[in-house]
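Single-letter residue listing:
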Amino acid sequence: MTTATTTAPAPAPVTSPPGASWAAVSALARFETRKLLTRVPVLVAFTVYVAWTVWRTRVSFDGFPALQDADRATQDGPLLVGLAVLLSVNQAVLRSRRHDTERHLAVLVLPRWGRTVAHLLSVGAAALVTAVCVGGQFAWEALKPGAVGHGSPAELLVGPLSVLLLGGFGVLLALLVTAPFAAPLLIVLLLFLATFLTGFAPDGWTRWLMPSVGEYSVVTLPSDLIGRPAAWHALYLGGFALTLMAAAVLLSGGARLRTARAAAAGAVALTVVGAVGQSRGVPETVTEARVQASVTPEKLHTCVERDATTYCAFPEWEPRTGAWAAAVDDVRALAGGDARNRPLVVRQRVEARYGLEADATLAPLTRPGEVTVGTAWGGNRVPEFAVAVAGVLVTGSEATAGELCDGRTVTVMWLALAGRPDPVADLRRVRIDDSDTGSAIVVSRTEPLRMTSAQTELLRELLELPRDRAAAKVKAGWAELTAPKVTTDRVAQVLGLEKPEGENECR
């Protein structure tokens, strides 16, 4: 008896479509993105970042931002997000080791390098969210009615690229060091480097190796005079971030992939090119333009005439002439004699030869009827400018106003402050010691004005009078109140006020 055996046919091999592995990477990336963006450190970092940005942007630049400064103001906040992403993505990569599931994941169709790519894509998503926050902050500044100037897209990229760089560092660190405390220690080290080491070379090229270069100008420069290698720095950051990411893919088993090797080589090349480009310093053309803007600004100005005043400004600041005109009109309205209609030229000036962080005092203009206005506006800058206008109306020129040491100081300060909503508060704002009694120096873009105790006392008394009544007294006695070498006591007599008791010697 024979038994026939039949062999079941072998199953046909199952083939995956070419895109199946990338579909798995995409699915895992969506999962890891949700996990990363909902991690407590990342949520806290984004909450603090957004809250701080909203709180600061409400009153930033006193409502009159120059966009070439506003773009750099977006760079520090994302660093907090970047550190949180570094910590969280590092823990995410180590999750399989922490839960002892690495051996189970190893039998899946998705290779290890694919899981690494998924984590890197989650970091990219965090960088995109940061980019939305940066764009919102800058748009808020740009939509303010007093905004002028032009922002730099390269400067705006620094924040998101910093998050990408730090997140990529977190993934790479998890592949190199499996200890869970490595990421916190790295964060402490980075904070140490940012706090201490950058101070040793504040003006050297090495500072550009850091993600964010905190170079905030004391004085605002026209956008074409900034001179920062922003585009090179963005290229450097992007290349560095891609280098770290490519290295992570190679270390996780992607070294056999030709695409990964080519990406790594290209990322290194971008990093080197960006690093070399950002180390070259300020271009010679920018240096020459800075000298011209500082020495002969009138060659660059656009001038408009409003009533008896001509306003000459750098092209980017032309929309701000209306705000300057309002301040000039307030001062003229209180003046007497021919000062109400005397021709004036308001000339915008800036000292740009020493770069962004210089704070050089401008020499006073010597031509009659010319007044200096700076590139910043709002806040203290408004009463400071009003003092400069009043000084020229009373003395004839900025150079003469800077040498005042007689009773005309009272007239100048009253003209500048009486039309303001809170004159006494503005008096404190324009004095270097924030006082409203005693002697003090009145800050100015050119030569400061000196006030004695007697002059301050008399000014306070004059400001306490109803404005119309005080204005009538000033206009009636204008000739004597603006006469050279008039004494403070004589000013008090002309105004019908008590003789001040304070000292009356300029120092």
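For clarity, every value in this text was computed on a predicted model and none was experimentally measured.

*Asks:* Quick one: what's the story with the overall build of the protein chain, residue by residue and with numbers?
*Replies:* Scanning the protein chain for helices and strands turns up 21 helices and 6 strands. Pairs at least 24 apart in sequence give 75% of the contacts found in the protein chain among residues at least 6 apart. When the accessible surface of the protein chain is totalled, it reaches about 24,200 Å², and 62% of it is carbon and sulfur.

*Asks:* An account of the packing of aromatic side chains is needed here, citing residue identities and associated values.
*Replies:* Evaluation of the coordinates by the stated rule reveals 3 aromatic pairs. Pairing Tyr 236 with Phe 240 gives two aromatic rings, centres 5.9 Å apart and planes at 40 degrees, and the pair type is tilted. Of this pair, Tyr 236 and Phe 240 both sit in helix α10 (residues 230-251), 4 residues apart, which is roughly one turn of that helix. The exposure class assigned to Tyr 236 is buried, which follows from its relative accessible area of 5%. By relative accessible area, Phe 240 is classed as partly exposed at 29%. Their ring planes at 65 degrees and their centres at 6.4 Å tell us that Phe 314 and Trp 317 sit as a pair that is edge-to-face. Taken as a pair, Phe 314 and Trp 317 share a single burial class, namely buried. Residue placement shows Arg 280 over the ring face of Trp 232; its charged tip is 5.8 Å from the ring centre.

*Asks:* Can you break down the sheet that holds strand β2 (residues 309-313) residue by residue, with the values?
*Replies:* The strand order across the open sheet built from 4 strands is β1-β2-β3-β4, with neighbouring strands paired in mixed fashion. One side of each edge strand has no neighbouring strand; the edge strands of this open sheet are β1 (302-306) and β4 (370-373). Strand-to-strand twist of the sheet, defined as the mean angle between neighbouring strand axes without regard to direction, takes the value 20 degrees. Pairing between strand β3 (residues 344-348) and β4: 4 bridges, direction parallel. Following the sheet pairing, Val 345 is matched in β4 by Glu 370. Running at roughly 145 degrees to β2, helix α13 (residues 321-334) makes contact with β1, β2, β3 and β4 of the sheet.

*Asks:* Could you give me a rundown of the pattern of salt bridges, with the residues and numbers involved?
*Replies:* Applying the stated criterion across every chain yields a total of 16 salt bridges. Connected through shared salt-bridge partners, Arg 347, Arg 367 and Glu 370 make up one network.

*Asks:* Describe the state of the cysteines, with residues and values.
*Replies:* Here a disulfide denotes a covalent bond joining the sulfur atom of one cysteine to the sulfur atom of another. In this structure the tally under the stated criterion is 1 disulfide. The residue that forms a disulfide with Cys 303 is Cys 312, at a sulfur-sulfur distance of 2.1 Å. Between Cys 303 and Cys 312, the S-S torsion sits near 110 degrees, and that sign places the bridge as right-handed.

*Asks:* Could you give an account of the packing of α13 against helix α14 (residues 381-395), naming the residues involved and the relevant values?
*Replies:* If you want to describe how two helices pack, look at the angle between their axes and the distance between the axes. Close contact between α13 and α14 brings their axes to 9 Å; oriented N to C, the two are set at 50 degrees. Between α13 and α14, the crossing angle belongs to the class labelled oblique. You can see that α13 and α14 cross each other, and the crossing is right-handed. Facing Trp 324, Ala 327, Val 328, Val 331 and Arg 332 of α13, the residues of α14 in contact are Phe 385, Ala 386, Val 389, Ala 390 and Leu 393. For the contact of α13 with α14, the class distribution of residues is 9 nonpolar, no polar and 1 charged.

*Asks:* Which residues make up a nonpolar patch on the surface, and what values do they have?
*Replies:* Residues Val 40, Val 44, Val 48 and Leu 80 make up a contiguous nonpolar surface patch of about 330 Å² in total accessible area. By residue number, the principal contributor to the nonpolar patch is helix α2 (residues 40-57), which donates 3 residues. Residue position: Val 40 is located in helix α2.

*Asks:* Describe a negative patch on the surface, and please don't skip the residues or the numbers.
*Replies:* Together, Glu 305, Asp 307, Asp 329 and Asp 330 give the surface a local cluster of negative charge. With respect to the secondary-structure elements, Asp 329 resides in helix α13. For Asp 329, a relative accessible area of 36% gives the class partly exposed.

*Asks:* Outline the pairing of β1, supporting the account with residue identities and numerical values.
*Replies:* Here 5 bridges tie β1 to β2, and the two strands are oriented antiparallel to one another. Counted as the bridge partner of Cys 303 is Cys 312 from β2. The antiparallel pairing of β1 with β2 creates a hairpin that spans 2 residues between the two strands, and Asp 307 there sits at a positive phi of about 55 degrees.

*Asks:* Please give an account of the pairing of β3 that cites residues and values.
*Replies:* Buried residues dominate β3, accounting for 4 of its 5 residues. Inspection of the sheet shows β2 paired to β3 by 4 bridges, in the parallel sense. Looking at the pairing, Thr 310 lines up with Val 345 of β3. Traced from β2 through α13 to β3, the parallel crossover comes out left-handed.

Thresholds applied
- Residues numbered from 1 in each chain as written.
- Predicted model: local features only at pLDDT ≥ 70, side-chain atom pairs only at ≥ 80, totals over all residues.
- Heavy atoms only, no water.
- Helix = DSSP H or I, 4+ residues; strand = E, 2+ residues; numbered from the N terminus.
- Contact = heavy atoms within 4.5 Å.
- Areas by Shrake-Rupley, 256 points an atom, 1.4 Å probe, with all protein chains shown as cover.
- Phe/Tyr/Trp six-rings, centres within 6.5 Å; stacked < 30°, edge-to-face > 60°.
- Buried < 20%, exposed > 50% of the residue type's maximum accessible area, 1.4 Å probe, protein only.
- Lys NZ or Arg CZ within 6 Å of the ring centre and 35° of its normal.
- Pairing = 2+ DSSP bridges.
- Axes fitted to C-alpha atoms, helices over the stretch in contact; angles between N-to-C directions.
- Salt bridge = Lys/Arg side-chain N within 4 Å of Asp/Glu carboxyl O.
- Disulfide = S-S within 2.5 Å.
- Parallel < 35°, antiparallel > 145°, perpendicular 65-115°, else oblique.
- Left-handed = near helix turned anticlockwise from the far one by under 90°.
- Nonpolar A, V, L, I, M, F, W, Y, C, P; charged D, E, K, R; others polar.
- Patch = residues over 30% accessible without salt bridge, like charges linked within 9 Å, V, L, I, M, F, W, Y side chains within 5 Å.
- Lys, Arg positive; Asp, Glu negative; His and termini not counted.
- Charge placed at Lys NZ, Arg CZ, Asp CG, Glu CD.
- Right-handed = clockwise from strand over helix to strand, strands pointing away.

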